[in-house]
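Observations on the three-dimensional arrangement
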Amino acid sequence: MAVKDRDRFSTSTRLKLLGEQTAARVYRSQTKRQARRSRLTGRAALLAMVLCSLIVALAYPMRQYVSQRAQIGDVERQREQARQRVEQLRDLKARWQDDAYAEQQIRQRLHYVMPGETGYVVIDPDAAKQSRADRGTADRPWYTNVWDGVDKSDAADH
């Protein structure tokens, strides 16, 4: 028994025992990891498949929701612009109902004068130099554009 006790405390016996214990721990941890890994892989695959199918199922309704929200925003903006335009037109209508404003606009736009007044038209010297052909069709009266169109069509026949 003395030999066995002495063997128990020897360095080689302790290293051998330590190596066996370490090997057993490594083997146990590897089997646990493998068992755990195989269980988690199936669960992870199922979870990933469920998440992907949820994403695919919700993608179209979410896209529709976002596009409808954008359309609602556009319609609200248009409604606000229309409301502002209506307010402007109401203000303009109220101004035109005032005789003083109507008289002012008639004098300014149509160059009317009251009896006994003398009307003057000041011509811009740069505008007078500009020839009829140089002016764009939007700057000329409509009847001038019509007559020029008749002239051009008549000239094309010869």
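Residues numbered from 1 in each chain as written. Predicted model: local features only at pLDDT ≥ 70, side-chain atom pairs only at ≥ 80, totals over all residues. Heavy atoms only, no water.

Looking at the overall build of the chain
- Each helix and strand in the chain was counted, giving 5 helices and 0 strands.
- Ordered by position in the sequence, the α and β elements of the chain form the string α-α-α-α-α.
- Out of the 158 residues belonging to the chain, those deemed buried represent 4%.
- For the chain, the computed accessible surface area is about 14,900 Å², with 58% contributed by carbon and sulfur atoms. (Helix = DSSP H or I, 4+ residues; strand = E, 2+ residues; numbered from the N terminus. Buried < 20%, exposed > 50% of the residue type's maximum accessible area, 1.4 Å probe, protein only. Areas by Shrake-Rupley, 256 points an atom, 1.4 Å probe, with all protein chains shown as cover.)

Notes on the packing of aromatic side chains
- By the definition in use, this model includes 2 aromatic pairs.
- Pairing Trp96 with Tyr101 gives two aromatic rings, centres 5.4 Å apart and planes at 85°, and the pair type is edge-to-face.
- The class of Trp96 is partly exposed, set by a relative accessible area of 35%.
- Overall, the relative accessible area of 16% leaves Tyr101 in the buried class.
- Centre to centre, the rings of Trp142 and Tyr143 are 5.9 Å apart; their planes meet at 80°, and the pair counts as edge-to-face. (Phe/Tyr/Trp six-rings, centres within 6.5 Å; stacked < 30°, edge-to-face > 60°.)

Description of unusual backbone geometry
- Positive phi, normally seen in glycine, also occurs at His111, with a value near 60°.
- Inspection of the secondary structure assignment puts His111 in the loop between helix H3 (99-110) and helix H4 (125-129).
- Judged by relative accessible area, which is 55%, His111 ranks as exposed.

Concerning the pattern of salt bridges
- Inspection of every chain in the model, using the stated rule, returns 5 salt bridges.
- Arg83 is the partner of Glu80 in a salt bridge, and the nearest nitrogen-oxygen pair spans 2.5 Å. Residue Glu80 and its partner Arg83 are both found in helix H2 (residues 11-96); the two are separated by 3 residues, about one turn of the helix.
- Assessed through its relative accessible area of 32%, Glu80 is described here as partly exposed.
- Take Arg83: its relative accessible area is 44%, and that puts it in the partly exposed class. (Salt bridge = Lys/Arg side-chain N within 4 Å of Asp/Glu carboxyl O.)

Overview of a nonpolar patch on the surface
- Taken together, the side chains of Leu46, Leu47, Met49, Val50, Leu51, Leu54, Leu58, Met62, Tyr65 and Val66 define a hydrophobic patch exposed on the protein surface, amounting to about 1,000 Å² of accessible area.
- Inspection of the secondary structure assignment puts Tyr65 in helix H2. (Patch = residues over 30% accessible without salt bridge, like charges linked within 9 Å, V, L, I, M, F, W, Y side chains within 5 Å.)

Some points on the confidence of the model for the chain
- In the predicted model, the chain carries a mean pLDDT of 82, and 78% of its residues have values of at least 70.
- Across the chain, the element-wise mean pLDDT spans from 56 in helix H1 (residues 2-8) up to 90 in H3. (pLDDT = per-residue confidence, 0-100.)

Re H3
- With 12 residues, H3 extends 16 Å from end C-alpha to end C-alpha; this agrees with the ideal 16 Å at 1.5 Å per step.
- Among all positions of H3, only Tyr101, Ala102 and Gln105 are buried. For H3, the angular spread of buried residues about the axis comes to 95°, placing them on one side. Pointing more than 90 degrees away from the buried face of H3 are the exposed residues Asp99 and Ala100.
- Phi turns positive, to about 60°, at His111, one or two residues after H3. (Expected span 1.5 Å × (residues − 1). Arc of directions from axis to C-beta.)

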